[in-house]
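Structural characterization, general
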Amino acid sequence: MKLRRSFANPLDAVARRGVVLLTWLAIAAFTSVAVDAARADDSDTAKSAADLDAEITRYLAASHSKNPAIRPQAAARLRALGNAAVPRLLRECGETPRDMANLAPEVVEILGELGNAKLRAKLWEAVGDPDFPWRPAGLRSLAHAPEKDESERFVERLADPIGAVRVAAIEAVVKLKIDSARGHVRQLLDDPNDRVRRAAAVALDGFDHRKALLWLVEDLHRTDRFFYTETGRRARYESARALEDRLGDRFGYEPGDAPDTPGNRAAIAKIRAKIEELTNKNAPPISNVARAGTDIAGNRLGLEIRSCRRGEIWLRWNADDLLLVGTGNPARVELEKGTTAKLLKLALAAATAVEDRRLWGEAGCDHEQFYLAIEGETVDTFRVSKGPAPVADLRPDALDALVRALVATLPESGSDPRLTDLRDRTRRALEAVGGTFDPASAKPNDGKTDASEAGATETGGGEDDGSR
């Protein structure tokens, strides 16, 4: 191959020198900009150091925004500040959990991610205080990166009265691989809270107790509702996701469809077969608490309590004079004949007394909601709601009288875990939301409605009573 040598035009040489000159000028300009940027960064750093307190103040204010999308963003900004935010956040935590309660729960939930021992100590103190309103957020914060020497404290929280705290404790037990806690977690397969049961099943599967997945399969059959809240549908979606994660396949199950469709029946059979393949065919018994529930007709009155300090309580009074406690496959308590009718009269009188008002207080972490089904599917609701700070006499007098009557029908306790200390738990939850009342004066009309006086008996639940 011959090389051809070309002789360039002198003008091309000039052009090349111009390009070189422009290149050097561009490099110089870029260097100047880089230097200026570096100086600006130094200035910004100094400015950030000077204005850090104001910046944190803005984020703390935003964390209390009424816009639910803004609150977690503000907390994320605080977390992104890292160690720089720790001194101010320690001051905001104050000396006691009561001081720390002034923080938004979204902020409490990021404190444990900052890797500061003093903040962790504050969180543990708050989690141990039953009156601290953000205990679930506090333990989730600690469980984000649990430490081995905290193992015993996490195990203790498996028995916490708040379901969301128990779920966070299970998460920590799994992360720390606390084998000694397996027995405690296994007991939570019978937990009254279905979210706790699902978390326990997933955790036990991770501990090679794979039969626990059958508790998730049970949820796939659920069709229960709490008035217009589709509790069964929610359970189907959550359990289907968990099973797909653990088994790698959903086998065609569609949680949005009824469990008894041909496609879902076939899918459930395939899921069971897969679990049998992983274990053996000896399926463990599932208690009434965890059995799949169906939609129960004839509910006339309902009371739903969700308290950031006292947990959740779900109660229904049925036209058949049955008290239904819990969601899913509820515990059943037989009431004296005519009890529901008497309560219904009081509820109608309360509805008339409050006229067209339906809400007292404002949206917050404490609320109680009353359900009144008058005709067919029509359900009227009345809600009392507030934030963590106490509000005296928030509940109106008309509803206060109804509350006293409802509480009087509740049994003191029972063998079903959902009935344990039911009357006292309900009273304390109601007082945490709407204020104190006098349970002793609770007598709907002139009939006996105290469960013990009325001869109330627990009838249980499960396949034998048609709840499946």
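Structure report, in brief. (Residues numbered from 1 in each chain as written. Predicted model: local features only at pLDDT ≥ 70, side-chain atom pairs only at ≥ 80, totals over all residues. Heavy atoms only, no water.)

1. Section: the layout of surface pockets
- Taken as a whole, the largest pocket encloses approximately 1,200 Å³ of empty space.
- Pro161, Ile162, Gly163, Gly311 and Glu312 are the residues nearest the centre of the largest pocket, which is lined by 45 residues in total.
- If you list the elements that add at least two residues to the lining of the largest pocket, you get helix H5 (105–111), helix H7 (135–143), helix H9 (163–176), helix H11 (194–206), strand E1 (299–307), strand E2 (311–318) and helix H17 (422–434).
- When its volume is computed, the second largest pocket comes out at roughly 780 Å³.
- Contributing to the lining of the second largest pocket are 30 residues, with Trp134, Cys365, Gly387, Pro388 and Ala389 lying nearest its centre.
- Looking at side-chain class alone, the lining of the second largest pocket contains 14 nonpolar, seven polar and nine charged residues. (1 Å grid on protein atoms, 1.4 Å probe; cavity = no way out; pocket = protein on both sides within 12 Å on 5 of 7 lines; lining within 4 Å. Points joined across faces, edges and corners; volume = space filled by probe spheres on them. Helix = DSSP H or I, 4+ residues; strand = E, 2+ residues; numbered from the N terminus. Nonpolar A, V, L, I, M, F, W, Y, C, P; charged D, E, K, R; others polar.)

2. Some thoughts on the side chain of arginine 157
- Along the chain, arginine 157 turns up in the loop between helix H8 (151–156) and H9.
- Judged by its relative accessible area of 18%, arginine 157 falls in the buried class.
- When residues no more than four places from it in sequence are discounted, the contact partners of arginine 157 are Trp124, Val127, Arg135, Leu139, Val165, Arg166 and Ala169. (Buried < 20%, exposed > 50% of the residue type's maximum accessible area, 1.4 Å probe, protein only. Contact = heavy atoms within 4.5 Å.)

3. Some thoughts on the pattern of salt bridges
- Considering all chains together, one arrives at 41 salt bridges under this definition.
- Of the charged contacts, one joins glutamate 238 and arginine 195 as a salt bridge, the two residues approaching to 3.8 Å between their closest N and O atoms. Within this pair, whereas glutamate 238 is found in helix H13 (residues 231–247), its partner arginine 195 is found in helix H11, the two being separated by 43 residues in sequence.
- Salt bridges sharing common partners tie together Asp194, Arg195, Arg198, Asp219, Arg222, Asp224, Arg234 and Glu238. (Salt bridge = Lys/Arg side-chain N within 4 Å of Asp/Glu carboxyl O.)

4. Comments concerning the side chain of serine 151
- In this structure, serine 151 sits in helix H8.
- By relative accessible area, which is 13% here, serine 151 ends up buried.
- The contacts of serine 151, once residues within four sequence positions are left out, are Leu176 and Ile178.

5. What about the packing of aromatic side chains?
- Applying the stated criterion across every chain, the model contains six aromatic pairs.
- Where tryptophan 124 meets phenylalanine 154, the ring centres are 5.0 Å apart and the plane angle is 65 degrees; that geometry is what we call edge-to-face. Of this pair, tryptophan 124 sits in helix H6 (residues 117–127) while phenylalanine 154 is found in helix H8, placing the two residues 30 residues apart along the sequence. No difference in accessibility class separates tryptophan 124 from phenylalanine 154, as the two residues are buried.
- Arranged with centres 5.3 Å apart and planes meeting at 80 degrees, the rings of phenylalanine 226 and phenylalanine 227 form a pair that is edge-to-face.
- For phenylalanine 227, a relative accessible area of 11% gives the class buried. (Phe/Tyr/Trp six-rings, centres within 6.5 Å; stacked < 30°, edge-to-face > 60°.)

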